[in-house]
Every structure is written in C-alpha cells, then in structure tokens.
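What the coordinates show
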Amino acid sequence: MLKVKPVSAERLPELLRRMPKAELHIHIEGSLEPELMFALAQRNGMATAYPDVESLRRAYVFDDLQSFLDIYHAGTLVLRTEQDFYDMTRAYLVRAASDNVLHAEIFFDTQTHTGHGLSTEVVINGLHRACVDAKSELGISASLILCFLRHLSEQEAFEALEQALPLHDKLVGVGLASSEKGHPPEKFARVFARARELGFRLVAHAGEEGQPAYIWSALDVLKVERIDHGVQAVKDPLLMARLAKERIPLTVCPLSNLKLRVFPALAEHNLKHLLEAGIVATVNSDDPAYFGGYINQNFTQTFAALGLTAQHAYKLAHNSFEASFIDEKRKRQYIERLNASFETFN
Ligand code: HPA
Ligand code: ZN
C-alpha cells in the first residue's frame, strides 16, 4: 500500500477528481438526465408527465427508497428502442470517463422494460454496444450486472434470468434491487443458486434501509460477493467483524443515502466509521441523475462533510479496484495508475 502524502483541504477536491477509480454501483436507468429523457420522449412521440426539465427536476424530492422508485420508474417509460438504451449508457460513460472512472460495473434491469412491452435483447444489446464503443473511443471499460426486482416474484426473476441467458456473454453478474423492506434476500435463494451455477458473479442490495439480517442472508443464503449499500451493518458488531475479516466489499452511495433519508445529513454518514473498522468500502453514485451528483461529487461532498483525507481517498480508490470483477492483471495495472496519480499530485 502506498504511503500517501498529506494534501491540503483546498487541494483535496482536485485530488479526488483526478484520481483513477472504479464505479461499482450505478443503475443505468438512474443516470437518465431530464434533458435526455425529454429528447427520448420526443423522438418516440410520447407525452411526458412534466411540461419541462425544470419542473421535473423540482419533483426530485424523496422521503425514502419507495418514493424515489415510483418517480424513477416513471422516468424509464421513455426508453423504447435499442438506440435509447445505447444513448443513455453512452451519456453515462462519457460522464464517468470525465470523472476519471477507468472501469464501471453497471446495474440495469430487464423486468421494468419487459413490463413495458420491450424485449430483453433490445435492452441488453443497446447497453452492451455502448460499453464496447466506450472502450475503444473513451478508454473506459464497463461490464453489465442484471438486477432482479425484489418486489416481484421469484418466478418472474427466473423468467428474467431465462430470457437473458442467450446474452450471457454480455453480462458479468446478477444483482438484486428495488424495494428492500419486506423483500428479504431469501425470496431469491433459488434464482441466485441457479445464476451461480451458470457462472454469474453475484451481488445484492442489502442494508440500505433494511435490517442487518438482510446482509447476513445476502451473504449466507444468496452467497453474494459484494453488498450494495450495506450501511446498516454498523448496527451489528458481529456482522461488522465478519465484513472486515472476509473483506466483503460494500458499495456505498453517500448522496443516495442523503436524498433517500437513510442519514439526516452527510456529516452523519458512517463512511468514515466503516473505513476505520477495516471494511472494504467504496464510493459510488447509485442514481446520479436523481440524487444530485456523479461519482466525483459523491467524493468531494462526502470528504468535505466528514473531514476525510488523502489517505482515505487512496484507500477508497484502491478498494474500488480490489472489489471489482476485473481480472488480477488489470487490477494491478489500474492500481499502478492510481499509485502514479498520487505520487505525481502536487
Ligand atoms: N436501492 C434499491 N433499488 C434501486 C436503487 C437503490 O438505491 N436505485 C435503483 N434501484
Ligand atoms: Zn442501488
């Protein structure tokens, strides 16, 4: 691990912006900015619920996860063609590359879109083509993680998995998203067991709003390799010890937690505590078009609110590569670039 030189509070945002990083928790539908949403609605000849971009943005005030998911779902209605999925993903990857994201693992779901009459192929082919083009044109690598919607049934998750199988080589893993409370990981035990047999990498949202028991069952029943959010783990010392000992990464999303009122203020976020407990925490944007910031804004605002240092920055970026699903050789290459960026920063 690199010995990190101290950086002044004034220079820290610049360090955070420049540092190479991976983003591991981004729902691509949550990157759909109002401007693009209106453009797609127009292209597809659809009416929108709000007259303009400003009034739509003003509606982005949430009480909790469910109040967000309702608006988020309405936003996905404009996605109708493979090109729409391509354009949305391209816009995110351009933005991420400008934040010095070297690698992104992108969540999406098919159930929302098949529910709107689209095929699984339209969704995955649009997303995948944008990832392939971004690699050659922007130098950013990206892979795709299909999330099951936990408010729907086990049977529907099995159908989503089945429909995605012909496109298996365009996906790296499966995850679990949507309304957490009342939908414990165990509900999807058999789907995850099947996905595991098929060679998918496994992640799940757990402990965003839900109790630590959901994190235990995501690990022990679903056998996931990473926990998305996981911030409620601090309520359970035994779980904290396990996460640290087994180096199970948490993909933390501070601005999401703020906007969905998981914490009353950014200054009360537990990211610093998680890091100091030895947990492999990472910083991510979740749904940046809705929560007021892409990954670098998550870094700069959280660092300012919690008084985090250059040492924490290095740790978080290092964790992001360590926790990613890229091979060991590429991990080493990315970490070398990370080290170089810290060594040459002045
Ligand atoms: N939690 C659960 N489901 C989601 C989220 C989230 O933060 N964002 C998009 N789908
Ligand atoms: Zn999420």
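Look a little higher up for the structure.
Scope of this entry: the structure provided in the associated data block. (Residues numbered from 1 in each chain as written. Chains lettered and ligands numbered in written order. Predicted model: local features only at pLDDT ≥ 70, side-chain atom pairs only at ≥ 80, totals over all residues. Heavy atoms only, no water.)

**Structural notes on the coordination of the zinc ion (ligand 2)**
Threshold: In this description, a donor is an N, O or S atom within 2.8 Å of the metal centre, a cutoff extended to 3.2 Å for sodium, potassium and calcium. Water is not part of the atom list, which can make sites seem incomplete. In this scheme the shape depends on donor count and angles: four donors with every angle between 85 and 135 degrees give tetrahedral, four or six donors with opposite pairs above 155 degrees and others between 65 and 115 give square planar or octahedral in turn, and any other case is irregular. Each helix is a run of DSSP H or I of at least 4 residues and each strand a run of E of at least 2, with the numbering of both proceeding from the N terminus. Think of it in three bands: residues with accessible area under 20% of the maximum for their type are buried, residues over 50% are exposed, and the middle band is partly exposed, with areas taken using a 1.4 Å probe on protein chains only.
In the first shell of the zinc ion (ligand 2), the protein supplies His25 (NE2), His27 (NE2), His205 (NE2) and Asp286 (OD), at 2.0 to 2.2 Å from the metal. Considering all four donor atoms around the zinc ion (ligand 2), angles at the metal cover 81 to 173° and the coordination shape is irregular. Sequence positions of the donors to the zinc ion (ligand 2) reduce to the motif H-x1-H-x177-H-x80-D. With a gap of 180 residues between them, His25 in strand S1 (residues 21-27) and His205 in strand S5 (residues 201-206) connect regions that are remote in the sequence. Assigned by exposure class, His25 and His205 land together as buried.

**Description of the site of ligand 1**
Under the convention used in this document: A cutoff of 4 Å decides nearness: a residue is near a molecule or strand if any of its heavy atoms lies inside that distance of it. Nitrogen and oxygen atoms within 3.5 Å of one another constitute a polar contact, given that in protein one can donate a hydrogen and the other can accept it, and given that sequence-neighbouring residues count only through two side-chain atoms. Only the protein chains shown count as covering a residue, and every accessible area follows the Shrake-Rupley method with a 1.4 Å probe. Put simply, Ala, Val, Leu, Ile, Met, Phe, Trp, Tyr, Cys and Pro go in the nonpolar bin, Asp, Glu, Lys and Arg in the charged bin, and everything else, Gly too, in the polar bin.
Around ligand 1, a shell composed of His27, Leu65, Phe68, Leu69, Tyr72, Ala177, Ser178, His205, Glu208, His229, Asp286 and Asp287 is seen. Contacts to ligand 1 include His229, whose side-chain N or O atom sits 3.2 Å from an oxygen atom. With respect to ligand 1, the side chain of Asp287 contributes an N or O atom lying 2.7 Å from a nitrogen atom. For ligand 1, whose free accessible area comes to 260 Å², the fraction covered by protein is 99%. Per-element accounting of the shell around ligand 1 gives the leading share, four residues, to helix H4 (residues 65-75). Here the shell around ligand 1 is composed, by residue class, of five nonpolar, four polar and three charged.

**Remarks on unusual backbone geometry**
One non-glycine residue, His229, lies in the positive phi region at around 75°. Note that His229 resides in strand S6 (residues 226-229). Judged by relative accessible area, which is 0%, His229 ranks as buried. Look at Arg247: it is not a glycine, yet its phi comes out positive at around 50°. Examined against the element boundaries, Arg247 turns out to sit in the loop between helix H11 (237-245) and strand S7 (250-252).

**Some words on the pattern of salt bridges**
Threshold: In what follows, salt bridge is the name for a side-chain nitrogen of Lys or Arg lying within 4 Å of a carboxyl oxygen of Asp or Glu.
Under the defined criterion, the tally for this structure stands at 18 salt bridges. For the salt bridge of Arg261 with Asp63, the shortest nitrogen-to-oxygen distance reads 3.8 Å. Separated by 198 residues along the polypeptide, Arg261 in the loop between helix H12 (254-259) and helix H13 (271-276) and Asp63 in the loop between helix H3 (53-58) and H4 bring together distant segments of the chain. Each member of the pair Arg261 and Asp63 is classed as exposed. Across the pair Arg194 and Glu197 runs a salt bridge, and its minimum N-O distance is 2.8 Å. Highlighted residues: Arg194 and Glu197, both in helix H9 (residues 189-197), separated by three residues, approximately one helical turn.

**Considerations on the environment of Ala313**
Along the chain, Ala313 turns up in helix H16 (residues 310-322). Through-space distance from the C-alpha of Ala313 to that of Asn125 is 35 Å; in sequence the pair is 188 residues apart.

**Digging into the pairing of strand S2 (residues 101-108)**
The criterion, for reference: In this scheme, strands are said to pair when DSSP sees at least two bridges between them.
The element S2 is extensively covered by neighbouring structure, given that eight of its eight residues are classed as buried. In the sheet, S1 pairs with S2 via five bridges, with the strands oriented parallel. Each residue of the ladder has a partner; that of Ala22, found in S2, is His103. Sheet topology note: the S2/strand S3 (residues 141-149) ladder contains six bridges and is parallel. Along S3, the bridge assignment pairs Phe107 with Ile145.

**A few points about the packing of aromatic side chains**
Spelled out, the test is: For this analysis, a ring pair means two rings from Phe, Tyr or Trp (six-membered ring only for Trp) whose centres lie within 6.5 Å, classed as stacked if their planes differ by under 30 degrees, edge-to-face if by over 60, and tilted for the remaining angles. Charge over a ring is defined by NZ of Lys or CZ of Arg lying within 6 Å of the ring centre and within 35 degrees of the ring normal.
By the definition in use, this model includes twelve aromatic pairs. With a centroid separation of 6.0 Å and 65° between ring planes, the pair formed by Tyr72 and Tyr290 is classed as edge-to-face. Taken together, the positions of Tyr72 in helix H4 and Tyr290 in helix H14 (residues 288-291) put the pair 218 residues apart, joining distant regions of the chain. Given the relative accessible area of 4%, Tyr290 is considered buried. An angle of 70° between the planes, with centres 5.9 Å apart, marks the rings of Phe148 and Phe192 as edge-to-face. Here Phe148, found in strand S3, pairs with Phe192, found in helix H9; they are 44 residues apart in sequence, far enough to count as distant. The pair formed by Phe148 and Phe192 is uniform in burial state, with each residue classed as buried. Among the aromatic residues, those joined into a ring-pair cluster are Tyr60, Phe62, Phe68, Tyr72, Tyr290 and Phe291. A cation sits over an aromatic face here: Arg226 above Phe325, 4.1 Å from the ring centre.

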